[in-house]
Amino acid sequence: MPDTNDHEKKTDRMRLELIRHGQTDWNLHDQLQGSSNTPLNDTGRAQAHTAAALLAPYDWAAIVSSPLSRARETAEIIAAELGIELGAAYPELIERDYASREGTVATSKIPDEPDEDFPDIEPRESVARRGIGALEDIRDTRLPLDGDDSNIVVVCHGTIIRFTLSAILGFEVGHIDNAAANTVEWANGEWRVLTVNGAPVEEIVRSDA
């Protein structure tokens, strides 16, 4: 019979480093990428190596990612550089779907919900829900049953990171930089955001005050 405390042990403590993939040519030209499968460019590959250097001083159990090639290649570069396990690709981590607007340059603010300019984009609530769900899936499948702390690098996309962090924090998070680190911790039964674009979250709160 399973130990009745297994869930408490499994969800004891975990730190996730959310990394936006490196640059692509569509990033360079401000084109909406969404679920389109665009590759890294040379700058993006260099950014992935820079991210690996920033992560190198710490211990990581594994790196996981979105299945889109720009995120997966970023994860592959970091995994090889750090000598850590390249783990699963999680479909929930795919970027916000911009549907018919993918490949275009937005000339107006992108709304939270579809409107006449963006008639078929994925609603913000759906993106945030996927993001939180992905964190929970990673937590439930990667955190050791003995309760030991576990640190996982998660490579995905700017908008899903931004919406997920905003949902956890309860206030708006701004632009997420390519290959920047955003730290999220699971502890005492809840998610906490520790850093955004490498800056302590307290600085983000003060700047919005």
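No experiment lies behind these values; they were computed from the predicted model shown.

Cut-off values and rules
Residues numbered from 1 in each chain as written. Predicted model: local features only at pLDDT ≥ 70, side-chain atom pairs only at ≥ 80, totals over all residues. Heavy atoms only, no water. Helix = DSSP H or I, 4+ residues; strand = E, 2+ residues; numbered from the N terminus. Contact = heavy atoms within 4.5 Å. Axes fitted to C-alpha atoms, helices over the stretch in contact; angles between N-to-C directions. Parallel < 35°, antiparallel > 145°, perpendicular 65-115°, else oblique. Left-handed = near helix turned anticlockwise from the far one by under 90°. Buried < 20%, exposed > 50% of the residue type's maximum accessible area, 1.4 Å probe, protein only. Pairing = 2+ DSSP bridges. Salt bridge = Lys/Arg side-chain N within 4 Å of Asp/Glu carboxyl O.

Some details on the environment of Gly22
Argument step 1. Mapped onto the elements of the fold, Gly22 is located in the loop between strand 1 (13-20) and helix 2 (25-28).
Argument step 2. Put simply, Gly22 and Glu73 are 51 residues apart on the chain and 8.8 Å apart in space, counted from C-alpha to C-alpha.
Argument step 3. Leave out the neighbours within four places in its chain, and Gly22 touches Asn27, Leu40, Gly44, Gln47, Thr74 and Asn178.

Brief notes about the packing of helix 3 (residues 42-55) against helix 4 (residues 69-82)
Argument step 1. Running from amino to carboxyl end, helix 3 crosses helix 4 at an angle of 45°, the nearest separation of the two axes being 9 Å. Classified by the angle between their axes, helix 3 and helix 4 sit oblique to one another. The crossing of helix 3 and helix 4 is right-handed. Along its contact with helix 3, which presents Arg45, Ala48, His49, Ala51, Ala52 and Leu55, the element helix 4 presents Glu73, Thr74, Ile77, Ile78, Glu81 and Leu82.

Details of the pairing of strand 1
Argument step 1. Judged by how many residues are buried, strand 1 sits mostly within the fold: six of eight residues are covered.
Argument step 2. Across seven bridges, the pairing between strand 1 and strand 5 (residues 181-187) is antiparallel. The residue bridging Glu17 from the neighbouring strand is Thr183, located in strand 5.
Argument step 3. Alignment of strand 1 against strand 4 (residues 150-156), held across seven bridges, turns out to be parallel. The residue bridging Leu18 from the neighbouring strand is Val154, located in strand 4.

Observations concerning the sheet that holds strand 4
Argument step 1. On the basis of which strands lie adjacent, the open sheet formed by six strands has the order 3-2-4-1-5-6 and mixed pairing. Bordering the open sheet on either side are strand 3 (85-89) and strand 6 (190-193), each of which pairs with just one other strand. For this sheet the average axis-to-axis angle between neighbouring strands, irrespective of direction, equals 25°.
Argument step 2. Strand contacts of helix 4: strand 2 (62-65), strand 3 and strand 4, with the helix running at about 160° to strand 3, the strand carrying the most contacts.
Argument step 3. Packing of helix 5 (residues 124-142) onto the sheet brings it into contact with strand 1, strand 2, strand 3, strand 4, strand 5 and strand 6, and relative to strand 1 it is tilted by some 130°.

So, the side chain of Thr74
Argument step 1. Among the structural elements, Thr74 can be located in helix 4.
Argument step 2. With residues up to four places along the chain from it excluded, the contact list for Thr74 reads His21, Gly22, Leu40, Ala48 and Val155.

A word on the pattern of salt bridges
Argument step 1. According to the stated counting rule, one finds twelve salt bridges in the structure shown.
Argument step 2. Between Arg13 and Glu185 there is a salt bridge, and its shortest N-O distance comes to 2.9 Å. Of the two residues, Arg13 is situated in strand 1 and Glu185 in strand 5; the sequence distance between them amounts to 172 residues.
Argument step 3. Arg13 sits in the partly exposed class, given a relative accessible area of 30%.
Argument step 4. What you see here is one network of salt bridges that share partners, running through Arg13, Arg15, Glu185 and Arg192.

On their own, these measurements won't tell you what the molecule is for.
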